[in-house]
Structure formats: C-alpha cells, structure tokens
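Each chain, written out:
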There are 2 protein chains.
Amino acid sequence: MVEYKSEMLDHVFAAVADPTRRAILATLSRKPATIGEIARPFPVSLNAISKHIKMLERAGLIRRQVVGRKHYCRLEARPLRRATAWLEQQRAFWDVRLDALERHLATTRKR
Amino acid sequence: MVEYKSEMLDHVFAAVADPTRRAILATLSRKPATIGEIARPFPVSLNAISKHIKMLERAGLIRRQVVGRKHYCRLEARPLRRATAWLEQQRAFWDVRLDALERHLATTRKR
C-alpha cells in the first residue's frame, strides 16, 4: 500500500474544494499566466484572486516566478498526481470488494 | 471537455481534506462497517466520528443503512471517480503542454 504525506493531502484537497481555485488551476493547466491574466475572467477583486493563489501555492499546486514586475504562475502537477493516486486507491479497493461480492453471489446462485 | 457538477466537487474535496475522514474512507474501502466499528481505532468521541460521517454522507461518499439498532456505512465510489477524473483532467492538459514544450525545445536545438 502506498503511503501518502497526510498534511500535503489536507492542503491539496482543501485547495481544490473551491470552484474559483479549481477554475484557476484549469486555466493554468493550459498555460502559465500572470496574476493579472488569471484574475481577468473573475468578477472578484485582484486581492481575492491573490489570496486564492496563495492557498494554491501553499498546497504546492502552483509555482510562482517573478520576472521584473510580473508574477508568472505555473501549475505544479506532482501534488495533483498524489491526490489522484490516493482517491484511486480507495476506489480500487472498493472495486475489488464489489467484484468478490459478485463472484460470491454468482457461486451462491449456481448452488 | 467533461463538465463536472461544481458543488458536488466542493463537497467531495472538502470531505477528503481531513485525515480522520480519509482514514474512515480507507476503512470502508475494505468493507462496510457500523459506526461503532468505524470509531473504534480513533482516539476521539463517537460524537466526533458521527460528525465526520455526516460530512462524508453529505458529499455522497458514504451510504448508510439502518438494520435494527445498527447503522451500517458503505463506500459510494461514484463521487470518488468524478473527483479523480477532475484532477486527472488538469494533469493531462498540463502534461500535453509539457510535451509540446519539449518538442519545441528539441526542434530549436536542431536548428
């Protein structure tokens, strides 16, 4: 069984539990962007977007690079992979269990 | 692009952002259990576990069945699948982008 750093998962899942932050990640999955570019489609203040970005950075989902006056953000895929792996593991165990149950029912029916 | 019901994802990700709730799901991925059985390994009150279970139910991750006095809980895999699919989609877009970047760099180097 794969072990996952629990605190990292806390931060990643809390970060993606908000629709604005998910939309930011979806934008950055297409290409890196400045904070101004990220904020443009959202009807909220630049300050609010900046807070969301800080939470995504804390979860390790975004890396920021400062070039002159511009802050470029890019997606960091590794934490996404770990979070996916955790969810997948639970689902996989459960599927194995359901398969066993189906086999059991099929055998019982034959008798 | 697959569309996801945003509110459902809010609840699922918020539910799995807590280590106790993740441990409960891991237990239930192995087999259904009563609330008493779920609570046993945790050094917190039955009331605290009950609250965690309610949050997991609200996210659609657990289904409860009352048999006599016992409340049996079992994992509901569908929301896990949807949450995994959302995370996977972001990662996949990003990987495609990285591949394109690598190809671009390789072409530039050849010139």
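Per chain, residues are indexed from 1 in the order of the written sequence. Going through the entries in the order they are written, you letter the chains from A and number the ligands from 1. Per-residue local features are limited, in this predicted model, to residues with pLDDT of at least 70; the limit for side-chain atom pairs, both in listing and counting, is 80 or more; totals at the level of whole chains, interfaces and linings are taken over all residues. Side-chain measures here rest on the full set of heavy atoms in the structure, leaving out hydrogens and waters.

Draft legend 1. Layout of the interface of chain A and chain B. By definition in these notes, contact holds between two residues if any of their heavy atoms fall within 4.5 Å. Each partner contributes to the interface: chain A provides 34 residues, whereas chain B provides 34 residues. Taking both sides of the interface into account, the surface hidden between chain A and chain B amounts to around 3100 Å²; carbon and sulfur atoms contribute 66%. Of all residues in chain A, Arg22, Leu87 and Trp94 of chain A bury the most surface against chain B, accounting for 22% of the area lost on that side. Put simply, a salt bridge is a Lys or Arg side-chain nitrogen that is within 4 Å of an Asp or Glu carboxyl oxygen. Inspection of the chain A/chain B interface yields two salt bridges. The closest approach of N and O atoms between Asp10 of chain B and Arg22 of chain A, which form a salt bridge, is 2.7 Å. Each polar contact in these results corresponds to two N or O atoms within 3.5 Å; when the atoms are within protein, one needs to be able to donate a hydrogen and the other to accept it, and residues that are neighboring in sequence are counted only if both atoms are side-chain atoms. Counting the contacts that link chain A with chain B gives eight residue pairs in polar contact (both at pLDDT 80 or more). Contributing elements (two or more residues each) for the side of chain A that touches chain B: helix H1 (6-15), helix H2 (19-30), strand E3 (70-75) and helix H5 (77-110) of chain A. Segments assigned H or I by DSSP are reported as helices when at least four residues long, segments assigned E as strands when at least two residues long, and all are numbered from the N terminus. When residues in the side of chain A that touches chain B are grouped by element, the largest group, 14 residues, is from H5 of chain A. Each residue gets one label: Ala, Val, Leu, Ile, Met, Phe, Trp, Tyr, Cys and Pro are nonpolar, Asp, Glu, Lys and Arg are charged, and the others, such as Gly, are polar. Considering only residue class, the side of chain A that touches chain B consists of 19 nonpolar, four polar and eleven charged. Values labelled buried area give the accessible surface lost by two parts on being combined, using a 1.4 Å probe and summing over both.

Draft legend 2. Quick peek at the side chain of Thr84 of chain A. Tracing the backbone through its elements, the reader meets Thr84 of chain A in helix H5. Thr84 of chain A has contacts with Thr84, Leu87 and Glu88 of chain B, leaving out every residue within four places of it along the chain.

Draft legend 3. Up close: H5 of chain A. Expected span, for any helix, means 1.5 Å times one less than how many residues it has. Given a rise of 1.5 Å per residue, 34 residues ought to cover 50 Å, and the 49 Å separating the end C-alpha atoms of H5 of chain A matches this to within 8%. Here the buried face of H5 of chain A lies against H1 and E3 of chain A together with helix H1 (6-15), helix H2 (19-30), strand E3 (70-75) and helix H5 (77-110) of chain B.

Draft legend 4. Representation of the relation of the copies chain A and chain B. To line up the copies, we fit them by least squares on C-alpha atoms, keeping just the residues with pLDDT of at least 70 in both. Superposing chain A onto chain B requires a rotation of 180° together with a translation of 0.0 Å along the rotation axis, leaving an RMSD of 0.0 Å. Here the symmetry operator amounts to a two-fold rotation axis. Counting the interface residues of chain A, we find that 100% of their copies in chain B are interface residues as well, pointing to one common contact surface.

Draft legend 5. Up close: the confidence of the model for chain A. Confidence scores here are pLDDT values: one per residue, from the predictor, ranging 0 to 100. In the predicted model, chain A carries a mean pLDDT of 89, and 96% of its residues have values of at least 70. Overall fold confidence (pTM) sits at 0.85, and the ipTM for the predicted complex is 0.83.

Draft legend 6. The side chain of Gln90 of chain B, seen in detail. Within the secondary structure, Gln90 of chain B is located in helix H5. Throughout, exposure labels follow a simple rule: accessible area from a 1.4 Å probe, protein chains only, divided by the maximum for the residue type, with under 20% read as buried, over 50% as exposed, and the rest as partly exposed. Owing to a relative accessible area of 1%, Gln90 of chain B belongs among the buried residues under this scheme. With sequence-adjacent residues up to four places away left out, Gln90 of chain B is seen in contact with Leu25, Ala26, Ser29, Leu75 and Leu80 of chain A.

Draft legend 7. Broad picture of the sheet that holds strand E2 (residues 62-67) of chain B. Residues and elements named next belong to chain B. Two strands form a pair only when DSSP identifies at least two bridges running between them. In space, the three strands of this open sheet follow the order E1-E3-E2, with antiparallel pairing throughout. Of all strands in the sheet, those bounded by a partner on one side alone are strand E1 (33-34) and E2. Relative to E3, E1 runs antiparallel, the two being bridged by two bridges. Residue Thr34 lies in a different strand from E3, and its bridge partner there is Tyr72. The strands touched by H2 within the sheet are E1, E2 and E3, with E3 carrying the most contacts at an inclination of about 90°. Orientation is described by axes fitted as lines to C-alpha atoms, over the contacting stretch for helices, and by angles from 0 to 180 degrees between their N-to-C directions.

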